[in-house]
Amino acid sequence: MAMKGARSLLGKALVLIEHNNAKVSPASLSAITAASKFGDITALVAGKGCAPVAEQASKIAGVKAVVQVDSAEYDHLLPENVSKLVEKLHGAEKFSHIVAAHTAFGKSVIPRVAAVSDCQPIPDVINVVDENTFVRPTYAGNALATVKSEIDPVKMLTIRPTSFDKAGDGGSAAVTNGEACGETGGTKWVSDEVDDSGKPDLSSARVVVGGGRGLKSGENFKLLFDLADKIPNCAVGATRAVVDAGFVPNELQVGQTGKVVAPDLYIAMGLSGAIQHLAGMKDSKVIACVNTDPDAPIFSVSDYGLEGDLFDALPKLKSLV
Ligand SMILES: Cc1cc2nc3c(=O)[nH]c(=O)nc-3n(C[C@H](O)[C@H](O)[C@H](O)COP(=O)(O)OP(=O)(O)OC[C@H]3O[C@@H](n4cnc5c(N)ncnc54)[C@H](O)[C@@H]3O)c2cc1C
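Residues numbered from 1 in each chain as written. Predicted model: local features only at pLDDT ≥ 70, side-chain atom pairs only at ≥ 80, totals over all residues. Heavy atoms only, no water.

A. Examining the environment of Asn132 more closely. Here Asn132 shows up in the loop between strand 6 (127-130) and strand 7 (133-138). Distance in space between the C-alpha atoms of Asn132 and Ser96 is 9.9 Å, their sequence separation being 36 residues. The residues touching Asn132, leaving out its near neighbours within four places in the chain, are Val147, Lys148, Ser149 and Lys155. (Helix = DSSP H or I, 4+ residues; strand = E, 2+ residues; numbered from the N terminus. Contact = heavy atoms within 4.5 Å.)

B. Layout of the packing of helix 5 (residues 221-230) against helix 9 (residues 310-320). Running from amino to carboxyl end, helix 5 crosses helix 9 at an angle of 20°, the nearest separation of the two axes being 10 Å. Comparing the axis directions of helix 5 and helix 9 gives the class roughly parallel. Helix 9 is crossed by helix 5, and the crossing has left-handed handedness. Of the residues in helix 9, those in contact with Leu223, Leu224, Asp226, Leu227 and Lys230 of helix 5 are Phe311, Leu314, Leu317 and Lys318. Residues belonging to the contact of helix 5 with helix 9 are distributed by class as follows: 6 nonpolar, no polar and 3 charged. (Axes fitted to C-alpha atoms, helices over the stretch in contact; angles between N-to-C directions. Parallel < 35°, antiparallel > 145°, perpendicular 65-115°, else oblique. Left-handed = near helix turned anticlockwise from the far one by under 90°. Nonpolar A, V, L, I, M, F, W, Y, C, P; charged D, E, K, R; others polar.)

C. Spotlight on unusual backbone geometry. A positive phi is found at Tyr139, a non-glycine position, where the angle reads about 50°. Although it is not a glycine, Asn233 sits at a positive phi angle of roughly 50°. For Asn233, the location among the structural elements is in the loop between helix 5 and strand 12 (234-238).

D. The side chain of Gln253, seen in detail. Topologically, Gln253 is positioned in the loop between helix 6 (240-244) and strand 13 (265-269). Reaching out from Gln253, the side chain makes a polar contact with the side chain of Thr257 at a distance of 3.1 Å. (Polar contact = N/O pair within 3.5 Å; in protein donor to acceptor, adjacent residues only side chain to side chain.)

E. Representation of the site of the ligand within the structure. Among the 28 residues in the neighbourhood of the ligand, the closest are listed as Arg213, Thr257, Ser272, Gln276 and Asn291. The separation between an oxygen atom of the ligand and a polar side-chain atom of Gln276 is 2.7 Å. With respect to the detected pockets, the ligand is housed in the second largest pocket. Breaking the shell around the ligand down by element, the ones donating at least two residues are helix 6, helix 7 (275-278), strand 14 (286-291) and helix 9. Of the residues contributing to the shell around the ligand, the split by class is 8 nonpolar, 15 polar and 5 charged. (Near = heavy atom within 4 Å. 1 Å grid on protein atoms, 1.4 Å probe; cavity = no way out; pocket = protein on both sides within 12 Å on 5 of 7 lines; lining within 4 Å. Sits in = over half its atoms within 2 Å of the grid points.)

F. Representation of the confidence of the model for the protein chain in the model. Looking at the protein chain, the pLDDT average stands at 94 and 97% of residues meet or exceed 70. Segment residues 1-8 is flagged for pLDDT under 50; beyond a separation of four residues in sequence, or across chains, it makes 18 contacts in the model. (pLDDT = per-residue confidence, 0-100.)

G. Structural context of the pairing of strand 7. Bridging between strand 6 and strand 7 involves 3 bridges; their strand directions are antiparallel. Bridging across to strand 7, Asp130 finds its partner in Thr133. Between strand 6 and strand 7, which pair antiparallel one after the other, the connecting turn spans 2 residues. As paired strands, strand 7 and strand 8 (residues 143-148) are joined by 6 bridges and run antiparallel to one another. Paired with Thr133 across the strands is Lys148, a residue of strand 8. Where strand 7 folds back onto strand 8 in an antiparallel hairpin, the turn is made up of 4 residues, including Tyr139, whose phi is positive at roughly 50°. (Pairing = 2+ DSSP bridges.)

H. Spotlight on the layout of surface pockets. Put simply, the second largest pocket is a space of about 270 Å³. Around the second largest pocket sit 17 residues that line it, and Thr239, Arg240, Ala241, Ala274 and His277 are the ones nearest its centre. For the lining of the second largest pocket, the secondary-structure elements that each account for two or more residues are helix 6 and helix 7. The residue inventory of the lining of the second largest pocket, partitioned by class, reads 4 nonpolar, 11 polar and 2 charged. (Points joined across faces, edges and corners; volume = space filled by probe spheres on them.)

Put into structure tokens, the structure is as follows:
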């Protein structure tokens, strides 16, 4: 890489930055906070047309150096190409930790790099005890495993964004251009379907209204969207059951196989609280639910619960906010 010879200028930990060519993603800001526990950070900004992101990354507190690799093969951050780049950079620099957020991007890249480096990746870390010891949920969040990694010379982690604050400004790192290392040729970007509704992002919304099978149809989800529109920074989430039924698109799914959210308030409407759903929302600060079945498991994790019909409760709630 172009960085050879500049080793002492780089931080010990490498953070893989996710972005949309305009901004560092909020999840990567959490990854920076997690990585700051390992010392100085090098931020890798790969992409096509990613200079504004590199500039922003250089100003984040804790970032000591930014390696920008602006080249066509990193457009859309295809994991095959990015992981090859990370491998090369690590080969030259020997980082102590390589960290990404536990998002579709981080989950795709980190295990690939770990496999090539013959290391054990440690996914979905929620707490850093020390530089070798990490806490992660297991069994859909029903147990916490504290794992110690002593043999691997580099720790490769994905971190749960909701468990770490977002890093703020305050850095003044130099941006260096790194060399691209070519297409792997294995995959190609075909097309993008992006939600451009302008609605708040589910993973970082302050309030989430989650709907389940109790809503009965996709049309009835309009009731939840109308409520969400009245609450500042409020997003709509859903259970897998309603995603599978085609009521709402799958980027709304909260849970073990969907998104993990931890808003200030989660309002659960007509969802039973299956263990796989709870895995995605039970760290919310306050949970409120409405359900006709008093034995629904959602009541056992809720701070406030209303036993009743959501079709009665929703209009009343809407008129109150
Ligand atoms: C490997 C695996 C992974 C999974 N991953 C996920 C995941 O990521 N996320 C996820 O959500 N699920 C996931 N699931 C599915 C999960 O097990 C449940 O099937 C699902 O969460 C149930 O969705 P639900 O609560 O909407 O439906 P139900 O369990 O059918 O609950 C509907 C609830 O609505 C209530 N209700 C009905 N009518 C009304 C009304 N008028 N007013 C108020 N309440 C009403 C009922 O009392 C009931 O409690 C996964 C399952 C597996 C096996």
